[in-house]
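Listed below, chain by chain, are the residues.
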Amino acid sequence: MAGIPDLFDLGGRVALVTGASSGIGRTLAVTLAGAGAAVVALARREDRLADTVAQIEAAGGRGSAMSADLAAWADMDDLAGRARAPFGAPDILVNAAGLNFRQPWDAVTPESWSSTIGLNLSAPFFLARALVPDMQERGWGRVINIASVQAVRAMPDSIPYGASKGGVAQLTRAMAEAWSRFGICCNSLAPGYFPTEMTADLYRDSALMARNAERTAVHRNGELGDMVGPALFLASPASDYVTGQMLFVDGGFTAK
């Protein structure tokens, strides 16, 4: 049996993290780099990606920025080829890019619905599918999808987002059924309320956020550092026998 430090060591691994320009995506990119992985940070905004890579390198890690629009998910084979260029084929994929327009049900348009489902649900599948053959060849890989408490709880003005995250939960189980036999563990993290660009408007309402905190078991909302341990567990050899699961990182929000 591996020693405790070895269980969480990602030395020699390569990770591709989408949505890495801010929020949870950036936090997880920095986390995996800190554990020894070479990290390809992917997002649309080049300037924000440069900040992510600078943070990785300042801590002694290896990072590379990759600007791409995941809305064009029909081009994932090309994107996967670009992801291999800096450090070799990724062993770890973190699908953290996401979108939530927070529209009332009667304001949802075919375009906003398609954009939400496309980025939150379709892109993670097609990107993973493009990367899995390399993982399969090595007999080891990790796919970590970012779900949400909205995979199991309904929230106001979030019908497309909730539908997409419920889909991510089932997508994760289906990925695990298809790929775990090749040594590729597929799991998801389901965050509660965290301070990110996506939730910035919610956090401006201090009364709302106080109510959300009271709905948790620990009586506080999430901090980005709360994602570090769960992500490292699912990305590392420590989770070799864990697949097809959704790990809630929500302070007990869904337990009440």
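In case you missed it, the structure is sitting above this.
The text that follows walks through the structure, step by step, so that each part is easy to find. (Residues numbered from 1 in each chain as written. Predicted model: local features only at pLDDT ≥ 70, side-chain atom pairs only at ≥ 80, totals over all residues. Heavy atoms only, no water.)

What to know about the environment of glycine 19
The residue glycine 19 is located in the loop between strand 1 (14-18) and helix 2 (23-34) in this model. For the pair glycine 19 and alanine 147, spaced 128 residues apart in the sequence, the C-alpha separation amounts to 13 Å. The contact partners of glycine 19, leaving out residues within four places of it in the chain, are Gly25, Arg26, Leu42, Ala43, Ala96 and Ala97. (Helix = DSSP H or I, 4+ residues; strand = E, 2+ residues; numbered from the N terminus. Contact = heavy atoms within 4.5 Å.)

A look at the sheet that holds strand 4 (residues 92-95)
Taken in spatial order, the seven strands line up as 3-2-1-4-5-6-7 in an open sheet, and their pairing is parallel. Both outer strands of the open sheet, strand 3 (62-67) and strand 7 (246-249), are each paired with one neighbouring strand and no more. Strand-to-strand twist of the sheet, defined as the mean angle between neighbouring strand axes without regard to direction, takes the value 20°. Alignment of strand 2 (residues 38-43) against strand 3, held across six bridges, turns out to be parallel. In the sheet register, alanine 38 faces strand 3, and the bridge partner there is arginine 62. Lying on the sheet, helix 2 is in contact with strand 1, strand 2, strand 4, strand 5 (141-146) and strand 6 (184-191); it crosses strand 1 at an angle near 170°. Docked against the sheet, helix 6 (residues 159-179) engages strand 5, strand 6 and strand 7, running at close to 165° with respect to strand 6. (Pairing = 2+ DSSP bridges. Axes fitted to C-alpha atoms, helices over the stretch in contact; angles between N-to-C directions.)

Brief notes about the packing of helix 2 against helix 9 (residues 228-235)
When two helices pack together, their arrangement is given by the angle between the helix axes and the distance between those axes. Interhelical geometry of helix 2 versus helix 9 gives an angle of 55° and a closest axis separation of 10 Å. Taken together, the axes of helix 2 and helix 9 lie oblique to each other. Crossing angle aside, the handedness with which helix 2 passes helix 9 is right-handed. Every residue of helix 9 that contacts helix 2 at Thr27, Leu28, Thr31 and Leu32 is listed here: Val228, Ala231, Leu232 and Ala235. Taken together, the residues that form the contact of helix 2 with helix 9 break down as six nonpolar, two polar and no charged. (Parallel < 35°, antiparallel > 145°, perpendicular 65-115°, else oblique. Left-handed = near helix turned anticlockwise from the far one by under 90°. Nonpolar A, V, L, I, M, F, W, Y, C, P; charged D, E, K, R; others polar.)

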